[in-house]
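The chain contents come next:
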Amino acid sequence: MKIGLIREGKTPPDRRVAFTPGQILEILDQYAGAIEFVVESSPIRCYSDQEYEAVGVEVTDDVSGCDVLMGIKEVPVSQLISDKTYVFFSHTIKKQVYNRKLLQTILEKNIRLVDYEVLKNEKGERTVAFGRWAGIVGAYNGLWTYGKKSGLFDLKRAFECFDREELDQELQKVQLPPIKIVVTGGGRVGKGVLEVLKTIGLKRVTPHDLIHQYFEEPVFTVLSSEDFNRRKTDGGFDKKEFYSEPEKYESHFLKYAEVSDILMAAAYWDNRAPKLFNREDISSIDFNISVIADITCDIDGSVPTTVKASNIQEPVYDIDRETFEVLPAFGQQNSISVMAIDNLPTELPRNASEDFGKQLMENFIPELLKAESTILEHATIAKDGDLTIEFIYLKDFVEKEVD
């Protein structure tokens, strides 16, 4: 089987890659004779062409001879090669309108599409993801934003750091007053956030104490769904019911917003679930949060101030508390500064790629080499010019005309 690591074509370009040069050597050694790699030449990839060539991997401008083509972000429609197997994050399973043409073209070109986002084990758990690195970079960017807004410290941008080690060195410059930080989410993304907050030595407190106690040092808490959602009828909470019927619940997050200075949003959000707060809430003098790091970056999602994604070049925008107008970053001291970059892991691409490659080596490559793999079957969105059974619900979506 011949695998090609393709050049990222989306704009702005992503610097991550599925496998590092060293990981390719490991795979070739473990599966000698069963697998072959080529790398499509790229001037922006975090591991250079020369680094792959130095370990004996072929670098080329033509990957049309490969059986499987692996990337990270969506492949531009004009670059898709017919009758191939592609593996990347397609961002189509939630009927994302901006990728309708991509999915239509994949079907037209008889491409088999395997999506990393739906690669799951027998328990239904995702096996490959960049969530941890989104959390790490997102928390760092949140602290960078607070430093800029307050003028208390100045950090390098995350993408200016060569790797995680340099990022951690930068974090030693963080000097926080006795503020309170509230974190939502305890999954991969949330755990990445915790790594950063622990690196700067922040004390973790309970949600109750965050609201009711005074601290002479900066502290943070992590909220689970039950901490800020309650049943509309009686104020109770049932986890199973909340995840199956979230529309029965309402948010009571404002009590945390009244005492916190920074929100780091790292929780998965179902669009049937309540938002953390409403637009009009931020105009209240009781709404104390001034910096929001929305790592989830759901536009008009759980965090209403995320009205658009920001980007690495312009990582922050402000929201006026009275008019909800989007302002230049740090334009007013009393506005809310929002960091909502939608491709955070690419700011530390070498570390993120290495971690992702390990997950693929463990959970994807063995399945790829099987004669039949149920796991890959369930992660395949399109095959033989049609949607697979798992994703037949996309039929109406894909048959609509592209605007």
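Calculation rules
Residues numbered from 1 in each chain as written. Predicted model: local features only at pLDDT ≥ 70, side-chain atom pairs only at ≥ 80, totals over all residues. Heavy atoms only, no water. UniProt positions renumbered as here; feature names shortened; annotations may be inferred. Phe/Tyr/Trp six-rings, centres within 6.5 Å; stacked < 30°, edge-to-face > 60°. Buried < 20%, exposed > 50% of the residue type's maximum accessible area, 1.4 Å probe, protein only. Helix = DSSP H or I, 4+ residues; strand = E, 2+ residues; numbered from the N terminus. Salt bridge = Lys/Arg side-chain N within 4 Å of Asp/Glu carboxyl O. Core = buried A, V, L, I, M, F, W, Y, C linked by side-chain atoms within 4.5 Å. Contact = heavy atoms within 4.5 Å. Axes fitted to C-alpha atoms, helices over the stretch in contact; angles between N-to-C directions. Parallel < 35°, antiparallel > 145°, perpendicular 65-115°, else oblique. Left-handed = near helix turned anticlockwise from the far one by under 90°.

By the naming in an unreviewed UniProt entry, the protein goes by Saccharopine dehydrogenase [NAD(+), L-lysine-forming] and is assigned to Fontibacter flavus. As its UniProt record puts it under Catalytic activity (unreviewed entry), the protein is described as follows: "L-saccharopine + NAD(+) + H2O = L-lysine + 2-oxoglutarate + NADH + H(+)". Recorded under Subunit (unreviewed entry), the UniProt text for the protein is reproduced unchanged: "Monomer."

Caption draft 1: Here's a closer look at the packing of aromatic side chains. Under the counting rule described, the total for this entry stands at 17 aromatic pairs. Taking the centre distance of 6.2 Å and the plane angle of 80 degrees together, the rings of Tyr-86 and Phe-88 count as edge-to-face. Classification of Tyr-86 by relative accessible area gives buried; the value is 2%. Its relative accessible area of 0% is what places Phe-88 among the buried residues. Each ring, one from Phe-89 and one from Phe-130, has its centre 6.1 Å from the other, and the planes form 50 degrees; the classification is tilted. One end of the pair, Phe-89, is in the loop between strand 5 (85-88) and helix 3 (100-108); the other, Phe-130, is in the loop between strand 6 (112-115) and helix 4 (131-150), and 41 residues separate them in sequence. In this structure Phe-89 comes out as buried when scored by relative accessible area, which is 10%.

Caption draft 2: Main features of the pattern of salt bridges. This structure, assessed with the given rule, holds 24 salt bridges. Among the ionic pairs, Glu-40 bridges to Arg-7, the shortest N-O distance being 3.4 Å. Taken as a pair, Glu-40 in strand 2 (residues 36-40) and Arg-7 in the loop between strand 1 (2-5) and helix 1 (21-30) lie far apart in primary sequence, 33 residues in all. For the salt bridge of Asp-49 with Arg-45, the shortest nitrogen-to-oxygen distance reads 4.0 Å. Overall, Asp-49 belongs to the buried group, its relative accessible area being 12%. Residues joined by salt bridges that share partners form a network here, namely Arg-132, Arg-164, Asp-168, Glu-195 and Asp-355.

Caption draft 3: The arrangement of the nonpolar core in detail. Leu-5, Phe-19, Met-70, Tyr-116, Leu-176, Ile-181 and Met-264 are the most contacted members of the largest nonpolar core, which totals 100 residues. Residue contributions to this core peak at 9 residues, all from helix 4. Residues in contact with Met-264, not counting those within four places in the same chain, are Ala-139, Gly-142, Leu-143, Ile-181, Val-182, Val-183, Thr-184, Val-193, Leu-197 and Ala-293. Leu-210, Phe-228, Cys-297 and Ile-319 belong to the second-largest nonpolar core, a separate cluster that totals 26 residues.

Caption draft 4: Region of the structure containing the packing of helix 4 against helix 5 (residues 164-171). Two numbers describe how helix 4 lies on helix 5: the axes approach to 11 Å, and their chain directions differ by 30 degrees. Compared by their axis directions, helix 4 and helix 5 come out roughly parallel. The crossing of helix 4 and helix 5 is left-handed. On the side of helix 4, the interface is formed by Arg-132, Trp-133, Ile-136, Tyr-140 and Leu-143, while helix 5 contributes Arg-164, Leu-167, Glu-170 and Leu-171.

Caption draft 5: Looking closely at unusual backbone geometry. For the bond from Thr-11 to Pro-12, the omega torsion is -5 degrees, close enough to zero to count as cis. Of note, Pro-12 is situated in the loop between strand 1 and helix 1. Positive phi outside glycine occurs at Lys-95, with the angle close to 60 degrees. Here Lys-95 is to be found in the loop between strand 5 and helix 3. What makes Lys-95 partly exposed here is its relative accessible area of 38%.

Caption draft 6: Layout of the pairing of strand 7 (residues 180-184). With respect to burial, strand 7 is a largely interior element, 5 of its 5 residues being buried. By the alternation rule, side chains of strand 7 split into Lys-180, Val-182 and Thr-184 and Ile-181 and Val-183, which are all buried.

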